[in-house]
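Each chain, letter by letter, is given below.
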Amino acid sequence: MASVTAAPRAAADLRAVLVVVNAGVLLSSLDLFIVNVALSDIAADFGGVPIAELSWVLNAYAIVFAALLVPAGRLGDRSGIRGTFLLGLGLFVLGSALCATAWNVESLVAFRVLQAVGAAVLTPASLGLVLAASPPERRQAAVRLWVAFGGLGAALGPVLGGLLVQADWRWVFLVNVPIGLVALAAGLRVLPDVPGDGGRLPDLRGALLAAAAVAGLVLGLVQGPEWGWGSPGVLGAFALAILGGVGFAVSSARHHSPIVAPALLRAPNFALMAGNAVFFNIAFGGMLLSVVLWAQTVWGWSALRTGLAIAPGPLLVPVVAILAGRLIAAVGAGPVLVAGGAVFGAGTLWWSQAVTLQPDYLGGLLGGMLVTGIGVGLVLPTSFAVGTGGLPPERFATGSAVLSTARQVGLAIGVAVLVALLGAPEGPERALDAFHRAWLVIAGFAVLAGLFGLAVRGPRKS
């Protein structure tokens, strides 16, 4: 990628660039969270498929997204991030339109894979464009805003999904099409043309091995309760995860252009924030799906009511993300990350004590939603800003892709862990015990994620 400091025109157009790229980020994030509240309607439309099978509508997206983010980021650095972003956005819009035509779970999962390819191509390029258009002193603030738009997708997704499902679940995908087309037209006019560095192709074999590793791990966790933890299928899935992980490490060590270059991992705080992203998003992915499943399957709430119930927490994320900048300036990024993990964990602990079989929003769900929303606003933007703060300009897209990959891997594992913890409880009382146990485990992952903040080097100021 060309030097960012040599792009004064890009810096001057920062606001226009933010509008366009954040529209793409919002769509890719929205589509993950908007689908959660539609799962019950999709299951009913497709003949009542079980949650373990239906979870692949979420996990296929997350796994493919995670596997392709880093190669896509490297391709963007190599060939130019403007064209890469527009290509990804176009694929995402096409995949969304096809998802609306799905006739069974298998076809929906296949079209979700195409969506994920588009999202993986546009996401690292979007952050690369934001960083390229930002003067150095404004980059961390711009990164926090970029991440906050992902949080806004989490806020709008359940509500918008609940509204659209009232008509037909297919509208949760169709809504992306007009927004995406407008963003494409605007992007052709306002996005800066940052030339690529023309480097070598990344290790695509390593990317496939990494995808196999994540898919095997998720498959084993999701199907463990149904197939049996000692069954050949589950043991084979975990073996695939181990072999894929080892193969990825070997391929990365031997390839001339590895997916994750050693120099990238040596950037200040980068590896730490990748670890934080995995653990925190295990907690986040499990938390969000758990609330949807509880409200719809145990309390019997509609998709719209569930979406409205979830919204207050995620709506806090952009507000807290902005305020977090001031807090970081005062105490440093590390303490903010530790506090964010603890606060998020406190929110799910709230549910483990307050939620009962009797529907009670104000005394049960709301408090935990608000507290977890504060935790997300403290952790996610801070983690990305700290992780990308020490990257060289020519690795903005690749570095942001690695962090986004860690996030998606965490989300996929979080969904799988939740499905494994819940199993198939018989009766309301056992369901209550299973959800309480899951919320305790989720709190543990959030606290572990926050502990990575203890090792952050130096304060990260906006």
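Given the structure is predicted, the values throughout are model-derived calculations rather than measurements.

Attention now moves to the overall build of the protein. Scanning the protein for helices and strands turns up 20 helices and zero strands. By the compact-globule yardstick of 23 Å for 462 residues, the protein fits well, its C-alpha radius of gyration being 21 Å. Each principal axis of the C-alpha atoms in the protein carries an extent, and together these give about 65 × 45 × 45 Å. Classification of the 462 residues of the protein by burial places 59% in the buried group. If you take every contact in the protein between residues at least 6 apart in sequence, the share linking residues at least 24 apart comes to 85%.

Right, let's get into helix α20 (residues 428-451). The end-to-end C-alpha distance of α20, which contains 24 residues, comes to 35 Å, matching closely the 34 Å that a straight helix rising 1.5 Å per residue would cover. Listed as buried for α20 are Ala 431, Leu 432, Ala 434, Phe 435, His 436, Ala 438, Trp 439, Ile 442, Ala 443, Ala 446, Ala 449 and Gly 450.

With that settled, the discussion passes to the nonpolar core. Ranked by size, the top nonpolar core spans 141 residues in total, and within it Phe 85, Leu 108, Trp 169 and Phe 344 carry the most contacts. Looking at this core, the element that brings in the most residues is helix α14 (residues 270-298), giving 16 residues. Sequence-distant contacts of Leu 108, defined by excluding residues within four places in its chain, comprise Ile 42, Phe 46, Val 57, Cys 99, Ala 102, Trp 169 and Phe 173.

Let us now look at helix α5 (residues 56-79). With 24 residues, α5 should cover 34 Å at 1.5 Å per step; its first-to-last C-alpha distance of 32 Å lies within 8% of that length. Residue Leu 69 marks the point of greatest curvature in α5, where the axis turns by about 40°; the proline Pro 71 follows within four residues. The element α5 is extensively covered by neighbouring structure, given that 20 of its 24 residues are classed as buried. Of the residues flanking the end of α5, it is Gly 80, one or two places downstream, whose phi is positive at about 115°.

Moving on, we get to the confidence of the model for the protein. Mean pLDDT over the protein stands at 83; residues scoring 70 or higher make up 92%. Per-residue pLDDT, averaged within each element of the protein, yields its smallest value for helix α1 (residues 8-12) (42) and its largest for helix α17 (residues 333-354) (95). Low pLDDT, under 50, characterises residues 1-12; the predicted model gives this stretch 27 contacts beyond four residues in sequence or across chains.

What follows covers the environment of Leu 337. As for its position among the elements, Leu 337 is in helix α17. Using a relative accessible area of 0% as the deciding quantity, one classes Leu 337 as buried. On a C-alpha basis, the gap between Leu 337 and Pro 71 in space is 28 Å, while along the polypeptide they are 266 residues apart. In contact with Leu 337, not counting residues within four places along its chain, are Met 273, Asn 276, Val 379, Thr 382, Ser 383, Gly 450, Gly 453 and Val 456.

The next subject is the packing of α14 against α17. Relative to each other, α14 and α17 sit at 20°, their axes nearing to 12 Å. Taken together, α14 and α17 sit at an angle that is classed as roughly parallel. For the pair α14 and α17, the sense of crossing is left-handed. Facing Met 273, Asn 276, Phe 280, Ala 283, Phe 284, Met 287 and Val 291 of α14, the residues of α17 in contact are Leu 337, Phe 344, Thr 348 and Trp 351. Among the residues forming the contact of α14 with α17, the class breakdown is nine nonpolar, two polar and no charged.

A separate point is a nonpolar patch on the surface. Where nonpolar side chains cluster on the molecular surface, the patch consists of Val 447, Leu 448, Leu 451 and Leu 454 and spans about 370 Å² of accessible area. By relative accessible area, which is 41% here, Leu 451 ends up partly exposed.

Here we come to the packing of aromatic side chains. As enumerated under the stated definition, the model contains 13 aromatic pairs in all. For the pair Phe 279 and Phe 452, a centre-to-centre distance of 5.8 Å together with 35° between the ring planes defines the contact as tilted. Note that Phe 279 is positioned in helix α14 and Phe 452 in the segment after α20, a separation of 173 residues in sequence. Phe 452 gets classed as partly exposed once you look at its relative accessible area, which sits at 24%. Three or more aromatic residues joined by ring pairs make a cluster, and in this case those are Trp 294, Trp 299, Trp 301, Trp 351, Tyr 361, Phe 435 and Trp 439. The ring centre of Trp 301 lies 4.2 Å from the NZ or CZ of Arg 305, which sits over that ring.

Here the focus is the side chain of Asn 281. By the secondary structure assignment, Asn 281 is in helix α14. The buried category is assigned to Asn 281, whose relative accessible area is 0%.

A separate point is the environment of Ala 52. As for its position among the elements, Ala 52 is in helix α4 (residues 51-54). Each C-alpha atom of the pair Ala 52 and Leu 160 lies 25 Å from the other, and the pair is 108 residues apart in sequence. Those residues in contact with Ala 52 that sit more than four places away from it in its chain are Val 222, Gln 223, Glu 226 and Val 419.

Moving on to the packing of α14 against helix α15 (residues 303-310). Where α14 contacts α15, the two axes come as close as 10 Å, and the packing angle between them is 140°. Here α14 lies oblique to α15, going by the angle between them. Crossing hand, α14 versus α15: right-handed. In this structure, α14 uses Leu 288, Val 291, Val 292, Ala 295 and Gln 296 to contact α15, whose residues at the interface are Ala 303, Thr 306 and Ile 310. Here the residues of the contact of α14 with α15 sort into six nonpolar, two polar and no charged.

Attention now moves to the environment of Val 317. Among the secondary structure elements, Val 317 is positioned in helix α16 (residues 312-331). Between the alpha carbons of Val 317 and Gly 373 there is a distance of 5.7 Å; along the sequence they are 56 residues apart.

Analysis parameters
- Residues numbered from 1 in each chain as written.
- Predicted model: local features only at pLDDT ≥ 70, side-chain atom pairs only at ≥ 80, totals over all residues.
- Heavy atoms only, no water.
- Helix = DSSP H or I, 4+ residues; strand = E, 2+ residues; numbered from the N terminus.
- Rg over C-alpha atoms; globule rule 2.2 N^0.38 Å.
- Buried < 20%, exposed > 50% of the residue type's maximum accessible area, 1.4 Å probe, protein only.
- Contact = heavy atoms within 4.5 Å.
- Expected span 1.5 Å × (residues − 1).
- Core = buried A, V, L, I, M, F, W, Y, C linked by side-chain atoms within 4.5 Å.
- Bend = angle between axes of the 7 residues up to and from the residue.
- pLDDT = per-residue confidence, 0-100.
- Axes fitted to C-alpha atoms, helices over the stretch in contact; angles between N-to-C directions.
- Parallel < 35°, antiparallel > 145°, perpendicular 65-115°, else oblique.
- Left-handed = near helix turned anticlockwise from the far one by under 90°.
- Nonpolar A, V, L, I, M, F, W, Y, C, P; charged D, E, K, R; others polar.
- Patch = residues over 30% accessible without salt bridge, like charges linked within 9 Å, V, L, I, M, F, W, Y side chains within 5 Å.
- Areas by Shrake-Rupley, 256 points an atom, 1.4 Å probe, with all protein chains shown as cover.
- Salt bridge = Lys/Arg side-chain N within 4 Å of Asp/Glu carboxyl O.
- Phe/Tyr/Trp six-rings, centres within 6.5 Å; stacked < 30°, edge-to-face > 60°.
- Lys NZ or Arg CZ within 6 Å of the ring centre and 35° of its normal.

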